[in-house]
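One letter stands for each residue in the lines below.
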Amino acid sequence: MELLAYPFMQRALIGALIIGLAAPALGIYLVQRRLSLIGDGIGHVALTGVGVGLLTNTSPVLTAVLVATIGAVGVELIRERGRTSGDLALALLFYGGIAGGVVLVGLSDDSSNSNLMQYLFGSLITTSVQDIAVIGGLGVAVLVAMLALRPALFALCNDEEYARVSGLPVRTLNILLAVTTAVTVTIAMRTVGLLLVSALMVVPVAAAQQVTRGFRTTMAAAMLIGVGAAGAGIVVSAEIDTAPGATTVLLALVAFLGATLAATVRRVLVRRSHPPVAAEPPDVVLHG
Amino acid sequence: MTNVVEVRHAAAGYDGREILSDVSLSVAPGDVVAVLGANGSGKSTLIRTVLGLVPLRRGEIELFGTPQRRFRQWQRIGYVPQRLGAGSGVPATVGEVVASGRLARRGIFHFPGAADKAAVREALSDVGLLDRIGDPVSTLSGGQQQRTLIARALAGKPDLLVLDEPNAGVDAASQEAFAESLTRFAGAGGTIMLVLHELGPLRPLIGRGVVVHDGRIAHEGTPPEPAGHHAEPGHDHVHPHADEVKAGICEWAPTERTKAY
Ligand SMILES: Nc1ncnc2c1ncn2[C@@H]1O[C@H](COP(=O)(O)OP(=O)(O)O)[C@@H](O)[C@H]1O
Ligand SMILES: [Mg+2]
């Protein structure tokens, strides 16, 4: 715990807490839309941005935000057209992103292996004061957008055609989600790392929905699990000297297992107290 | 009085394929119009084109007297899709789904107020599901889920309801429940355009039927007597699936349900 007296640890913790809140707040919409893996793909693309930053001696966070945003908007435009070839186009984009990143980072002056590993898996010691300002500003922007636009984003992700007929600016909202994904990926890259960033968007949501019944409660619970796992992940990884991103994700997975267990136990108890009614299963499954 | 929906020589389709080639249709205020036709004839495509979900290739569409491209009063339209979109990853309560129906009226930057909450409850009690407001939609039966979608459309207090096969695969109790809802809506002066597979309890409500066939409106008028025109031989070549053809070969043919009327 005395580790938290170090300023670099405090910065890492603050960064992780912001991301722990913001990532599931965005992730819930991606999960609802069955795009759970999109954050992962954008993370791959962001690595190219990191390479560009290192090569040109500009802030890698900044270049990563830019490149990831371009990638995310590109992915959204492909998705919008709904072509079957979209799947392949995404794969090409993702592999191109990570390969480009590895090559560019290798070409830069700062090409040590450990540097690349820091971006891929996160690190406790890389968060600078300047980074924390960027993470804080962008993280709060993501949070505000995801919370303030919840009814519209819920409607969009629940039923895009219905949202269109409601007169919602569907395309603008889709682009907003894409840009937000890129931003979240990039700000999380310092602590969680690009390869695990998506886990923090998805796993807390998966855990929360084991025990919740509605969208709003799922969102709140996911944010709670996210911030808890991120905070604990930093502390634990400092104590036992493990990678912070991986530790955080493992803790979130523990929360998922715990929630699943709790839901199972509750179901069994409910069944005991109420003998089964002969209810027909729904013949049409409506989503949401 | 301006028509609620005015379609003139509309053509629409997907990618290379044209599904509707020349459709004209008028729906006046207070009309209840059933869109009929075999499976795959383009009934859904027609209403989706009217709503702007499928791009119009030729012709014109007006909604409430405004060209569809410039139409912005979406709160006047309540849409009940045939099935829901892809968003099924996260649980949502019945109340949350129905609350989406208020967005067109409220705008995206406002959180729901008292009027919105009251409208959601009113719509749910209209379809007889108020007691399920806090339940996850995934725990409802197919018919109850369909009623949830109708409540979502009603919650926006629209002038026009557009429904795509609201009674397909729905239990009798739910069919009765939303027949009553639609009757109340029409009785209050609402306009309804709905795709129907079989008439069921909705039959007394239908003022006019239009039959989509071969990319056009092949028949229009008061609901025809059972065994309509498209049971003719040679009709089924337009249908890709033989089993669907049997089910949909004639929407007006007598079935166990329609015989009762
Ligand atoms: N999104 C789509 N993309 C491509 N073809 C489609 C799409 N939706 C429907 N179709 C095709 O258009 C035709 C008409 O479909 P639809 O309007 O759904 O018929 P109906 O509602 O009368 O059963 C069918 O042949 C169907 O396969
Ligand atoms: Mg259809």
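Residues numbered from 1 in each chain as written. Chains lettered and ligands numbered in written order. Predicted model: local features only at pLDDT ≥ 70, side-chain atom pairs only at ≥ 80, totals over all residues. Heavy atoms only, no water.

Participant: Just give me the short version of the overall build of chain A, but keep the residues and values in it.
Facilitator: When helices and strands are counted, chain A shows 12 helices and zero strands. For the C-alpha atoms alone, the extent of chain A along its principal axes is close to 70 × 50 × 30 Å. Considering chain A as a whole, with its 288 residues, one finds that 50% of them fall into the buried category. Taking as baseline every contact in chain A between residues at least 6 positions apart, the subset at least 24 positions apart corresponds to 76%. Summed over all atoms, the accessible surface of chain A reaches about 12700 Å², with 69% contributed by carbon and sulfur. (Helix = DSSP H or I, 4+ residues; strand = E, 2+ residues; numbered from the N terminus. Buried < 20%, exposed > 50% of the residue type's maximum accessible area, 1.4 Å probe, protein only. Contact = heavy atoms within 4.5 Å. Areas by Shrake-Rupley, 256 points an atom, 1.4 Å probe, with all protein chains shown as cover.)

Participant: Explain the overall build of chain B to me, using residue names and the numbers behind them.
Facilitator: Assigned secondary structure in chain B consists of seven helices and 10 strands. Intrachain contacts of chain B at a sequence separation of at least 6 include 68% that bridge at least 24 residues.

Participant: Tell me about the coordination of the magnesium ion (ligand 2), residues and numbers included.
Facilitator: All names here are of chain B. Bound to the magnesium ion (ligand 2) on the protein side are Ser44 (OG) and Gln82 (OE1), at distances that span 2.0 to 2.6 Å. Within this pair, whereas Ser44 is found in helix α1 (residues 43-50), its partner Gln82 is found in the loop between β6 (77-80) and α2 (94-99), the two being separated by 38 residues in sequence. The exposure class assigned to Ser44 is partly exposed, which follows from its relative accessible area of 21%. (Donors = N, O, S within 2.8 Å, 3.2 Å for Na, K, Ca; no water.)

Participant: Now, about the confidence of the model for chain B: what can you tell me, with residues and values included?
Facilitator: Residues and elements named next belong to chain B. For chain B, per-residue confidence averages 84 on the pLDDT scale, and residues scoring 70 or more make up 84% of the total. Counting contacts from residues 227-261, a segment whose pLDDT is below 50, to residues more than four positions away or on other chains yields 60 contacts. For this predicted complex, the interface confidence comes out at an ipTM of 0.86, alongside a pTM of 0.87. (pLDDT = per-residue confidence, 0-100.)

Participant: I'd love a proper account of the interface of chain B and chain A, names of residues and values included.
Facilitator: If you look at the interface, chain B gives 43 residues, while chain A gives 40 residues. Both sides of the chain B and chain A interface together cover about 3600 Å² of buried area, and 60% of this is carbon and sulfur. Taken together, chain B and chain A are joined by three salt bridges. A salt bridge links Arg213 of chain A to Asp135 of chain B, with the nearest nitrogen and oxygen atoms 2.8 Å apart. (Buried area = accessible area lost by both parts, 1.4 Å probe. Salt bridge = Lys/Arg side-chain N within 4 Å of Asp/Glu carboxyl O.)

Participant: Before we move on, could you go through the site of ligand 1 and cite the residues and values that matter?
Facilitator: All names here are of chain B. The full set of residues close to ligand 1 is Tyr14, Arg17, Ile19, Ala38, Asn39, Gly40, Ser41, Gly42, Lys43, Ser44 and Thr45. At a separation of 2.8 Å, an oxygen atom of ligand 1 approaches a polar backbone atom of Lys43. Separating an oxygen atom of ligand 1 from a side-chain N or O atom of Thr45 is a distance of 2.5 Å. Here ligand 1 loses 64% of its free accessible area of 560 Å² to cover by the protein chains. Residue assignment for the shell around ligand 1 shows that the elements contributing at least two residues are β2 (17-27) and α1. Looking at which element gives the most residues to the shell around ligand 1, the answer is α1, with three residues. Looking at the shell around ligand 1, its residues break down into three nonpolar, six polar and two charged. (Near = heavy atom within 4 Å. Polar contact = N/O pair within 3.5 Å; in protein donor to acceptor, adjacent residues only side chain to side chain. Nonpolar A, V, L, I, M, F, W, Y, C, P; charged D, E, K, R; others polar.)

Participant: Break down helix α10 (residues 197-208) of chain A for me, citing the residues and quoting the values.
Facilitator: Residue and element names in this part refer to chain A. The buried fraction of α10 amounts to 11 of the 12 residues, a majority that puts the element mostly inside the structure. Residues of α10 that are buried include every one of Val197, Ser198, Ala199, Leu200, Met201, Val202, Val203, Pro204, Val205, Ala207 and Ala208, and no others. Here the buried face of α10 lies against α1 (7-32), α2 (38-56), α9 (170-188), α11 (215-240) and α12 (244-273).

Participant: Let's hear about the environment of His9 of chain B: which residues, and what values?
Facilitator: Residues and elements named next belong to chain B. Position of His9 relative to the elements: it lies in strand β1 (residues 5-14). Spatially, the C-alpha atoms of His9 and Val137 are 40 Å apart, while their sequence positions differ by 128 residues. Among all residues touching His9, those that are not within four sequence positions of it are Asp22, Val23, Ser24, Arg58 and Gly59. At 2.9 Å, the side chain of His9 forms a polar contact with the side chain of Asp22.

Participant: I'd like a rundown of the nonpolar core, residues and numbers included.
Facilitator: Tyr29, Val50, Met146 and Leu168 of chain A together with Leu182, Ile192 and Leu194 of chain B are the most contacted members of the largest nonpolar core, which totals 110 residues. In terms of residues, this core owes the most to one element, α1 of chain A, which gives 10 residues. Residues in contact with Leu168 of chain A, not counting those within four places in the same chain, are Ala152, Ala155, Ala163 and Leu173 of chain A together with Leu103 and Ile108 of chain B. Leu51, Phe71, Trp74 and Val195 of chain B belong to the second-largest nonpolar core, a separate cluster that totals 31 residues. (Core = buried A, V, L, I, M, F, W, Y, C linked by side-chain atoms within 4.5 Å.)

Participant: Give a detailed account of the UniProt feature "transmembrane region" (unreviewed entry) in chain A, specifying residues and quantitative values.
Facilitator: Here, the residues flagged by UniProt with the feature "transmembrane region" (unreviewed entry) are residues 12-30, 90-108, 128-149, 170-188, 219-240 and 246-265 of chain A. The span residues 90-108 of chain A shows a helical share of 95% and a strand share of 0%, and its end C-alpha atoms are spaced 27 Å apart. (UniProt positions renumbered as here; feature names shortened; annotations may be inferred.)

Participant: Just give me the short version of the pattern of salt bridges, but keep the residues and values in it.
Facilitator: Residues and elements named next belong to chain B. Per the counting criterion, the structure on display carries 22 salt bridges over all chains. For the salt bridge of Glu62 with Arg8, the shortest nitrogen-to-oxygen distance reads 3.6 Å. Residue Glu62 is located in strand β4 (residues 56-63), and its partner Arg8 is located in strand β1; the two are separated by 54 residues in the primary sequence. Arg8 sits in the partly exposed class, given a relative accessible area of 30%. Where Glu220 meets Arg208, a salt bridge forms, and the shortest distance between an N and an O atom there is 2.2 Å. Of this pair, Glu220 sits in strand β10 (residues 216-221) while Arg208 sits in strand β9 (residues 208-213), and the two are 12 residues apart along the sequence. Note on Glu220: relative accessible area 39%, which makes it partly exposed. The exposure class assigned to Arg208 is buried, which follows from its relative accessible area of 17%.

Participant: Before we move on, could you go through the packing of α2 of chain A against α9 of chain A and cite the residues and values that matter?
Facilitator: Residues and elements named next belong to chain A. One way to put it is that α2 packs onto α9 with a least axis distance of 9 Å and a crossing angle of 65 degrees. Seen from above, α2 lies across α9 with right-handed handedness. On α9, the residues that touch Ile38, Gly39, Ile42, Gly43 and Ala46 of α2 are Thr181, Ala182 and Val185. When the residues that make up the contact of α2 with α9 are grouped by side-chain class, the tally is five nonpolar, three polar and no charged. (Axes fitted to C-alpha atoms, helices over the stretch in contact; angles between N-to-C directions. Left-handed = near helix turned anticlockwise from the far one by under 90°.)

Participant: Can you lay out a nonpolar patch on the surface for me, pointing to particular residues and giving the numbers?
Facilitator: A grouping of Leu55, Val103 and Leu107 of chain A is seen on the molecular surface, where their side chains present a nonpolar patch of about 280 Å² in accessible area. Looking at the secondary structure, you find Val103 of chain A in helix α4 (residues 86-107). (Patch = residues over 30% accessible without salt bridge, like charges linked within 9 Å, V, L, I, M, F, W, Y side chains within 5 Å.)

Participant: I'd like a description of the side chain of Thr191 of chain B, backed by residues and values.
Facilitator: Residue and element names in this part refer to chain B. By secondary structure assignment, the location of Thr191 is in strand β8 (residues 191-195). A polar contact of 2.9 Å, which involves the side chain of Thr191, links it to the backbone nitrogen of Gly30. Every residue in contact with Thr191, bar those within four places of it in the chain, is listed here: Val4, Val27, Ala28, Pro29, Gly30, Asp31, Asp159, Leu160, Leu161 and Phe185.

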